[in-house]
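Structural features, examined
So you can see what is in the structure, the chains are spelled out below.
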Amino acid sequence: MQLELAVLDWIQLHFRCGFLDWLMPFASSLSNHGEVWILLSVLLLLLRRQRRYGLSTACALTLDLVACNMILKPLIGRARPFALRPGLSLLVPPPGDASFPSGHTAAAFAAAFALKTAGSPLWRPALALAAVTAFSRLYLYVHWPTDVLGGILLGAAVGWAGARLAEVLVKEAKQS
């Protein structure tokens, strides 16, 4: 835990500036409830040629919701890092749920990996936004580095699984 606190403190010491103090809360807010990824899924589902990508991301986000928010967070119940730094001024309201894994990071990487697995060219910009989202959670001092790593790994797994599930659903629908 001390090493993780050292990483978070190092980020605060070397990266804190006015621009990032504005950008990181904004970037993080895009995934507060998965909004940007849900919107992307819906938009892709509305476009005939993009539907399989939309279905892939929707499946991945659903798997992420269950795995991250309904199973892992309540089961592990890890406290957030800002709880150990009572004098720290947060740039966002303090989250009230458990820390591990990072739900913002998991949702972002779930969408990016679903798009990659499904073959969408949108995976690159999605991955870039996912990386910014992951860093924002550290910058904002609301997650431990291992929470973010856990979110990346969970997101990658459910992203891949969501794309595969979408393939199966499409094949079954065509056979019906």
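Keep in mind that what you see is a predicted model, and the values were worked out from it rather than measured.

All right, on to the overall build of the protein then. For the protein, the helix and strand inventory stands at 7 helices and 0 strands. Counting helices and strands in the order they occur from the N terminus, the protein gives α-α-α-α-α-α-α. For 176 residues, the compact-globule estimate of 2.2 N^0.38 gives 16 Å, and the protein sits close to it at 17 Å. Dimensions of the protein along its principal axes, counting C-alpha atoms only, are 60 × 35 × 25 Å. Taking all 176 residues of the protein together, 42% fall into the buried category.

The N-to-C vectors of helix α4 (residues 51-76) and helix α7 (residues 145-175) enclose an angle of 135°; their axes lie 7 Å apart at closest approach. In terms of axis orientation, α4 runs oblique to α7. When you trace α4 past α7, the crossing you get is right-handed. Contacts between α4 and α7 involve Leu55, Ser56, Cys59, Ala60, Leu63, Asp64, Ala67, Cys68 and Leu72 from the former and Leu154, Val158, Gly159, Ala161, Gly162, Ala163, Leu165, Ala166, Leu169 and Val170 from the latter.

What follows concerns the packing of aromatic side chains. Applying the stated rule across the entire model yields 6 aromatic pairs. Arranged with centres 5.5 Å apart and planes meeting at 70°, the rings of Phe15 and Phe135 form a pair that is edge-to-face. In this pair, Phe15 is assigned in helix α1 (residues 2-15) and Phe135 in helix α6 (residues 123-139), connecting sequence segments 120 residues apart. Among the residues examined, Phe135 registers a relative accessible area of 25% and is labelled partly exposed. Centre to centre, the rings of Phe109 and Phe113 are 6.4 Å apart; their planes meet at 35°, and the pair counts as tilted. With Phe109 and Phe113 both in helix α5 (residues 103-118) and 4 residues apart, this pair spans about one turn of that helix. Among the residues examined, Phe113 registers a relative accessible area of 30% and is labelled partly exposed. Three or more aromatic residues joined by ring pairs make a cluster, and in this case those are Trp10, Phe15, Phe135 and Tyr139.

Moving on: the side chain of Asp147. Within the fold, Asp147 resides in helix α7. Judged by relative accessible area, Asp147 falls into the buried class, the value being 0%. A polar contact is formed between the side chain of Asp147 and the side chain of Arg78, at a distance of 2.8 Å. With sequence-adjacent residues up to four places away left out, Asp147 is seen in contact with Arg78, Ser99, Phe100, Pro101 and Ser102.

Judged by side-chain polarity, Ile38, Leu39, Val42, Leu43, Leu46 and Leu47 come together as a nonpolar surface patch covering roughly 560 Å² of accessible area. Along the chain, Ile38 falls in helix α3 (residues 35-46). By relative accessible area, Ile38 is classed as partly exposed at 44%.

Scoring rules and cut-offs
- Residues numbered from 1 in each chain as written.
- Predicted model: local features only at pLDDT ≥ 70, side-chain atom pairs only at ≥ 80, totals over all residues.
- Heavy atoms only, no water.
- Helix = DSSP H or I, 4+ residues; strand = E, 2+ residues; numbered from the N terminus.
- Rg over C-alpha atoms; globule rule 2.2 N^0.38 Å.
- Buried < 20%, exposed > 50% of the residue type's maximum accessible area, 1.4 Å probe, protein only.
- Axes fitted to C-alpha atoms, helices over the stretch in contact; angles between N-to-C directions.
- Parallel < 35°, antiparallel > 145°, perpendicular 65-115°, else oblique.
- Left-handed = near helix turned anticlockwise from the far one by under 90°.
- Contact = heavy atoms within 4.5 Å.
- Phe/Tyr/Trp six-rings, centres within 6.5 Å; stacked < 30°, edge-to-face > 60°.
- Polar contact = N/O pair within 3.5 Å; in protein donor to acceptor, adjacent residues only side chain to side chain.
- Patch = residues over 30% accessible without salt bridge, like charges linked within 9 Å, V, L, I, M, F, W, Y side chains within 5 Å.
- Areas by Shrake-Rupley, 256 points an atom, 1.4 Å probe, with all protein chains shown as cover.
- Salt bridge = Lys/Arg side-chain N within 4 Å of Asp/Glu carboxyl O.

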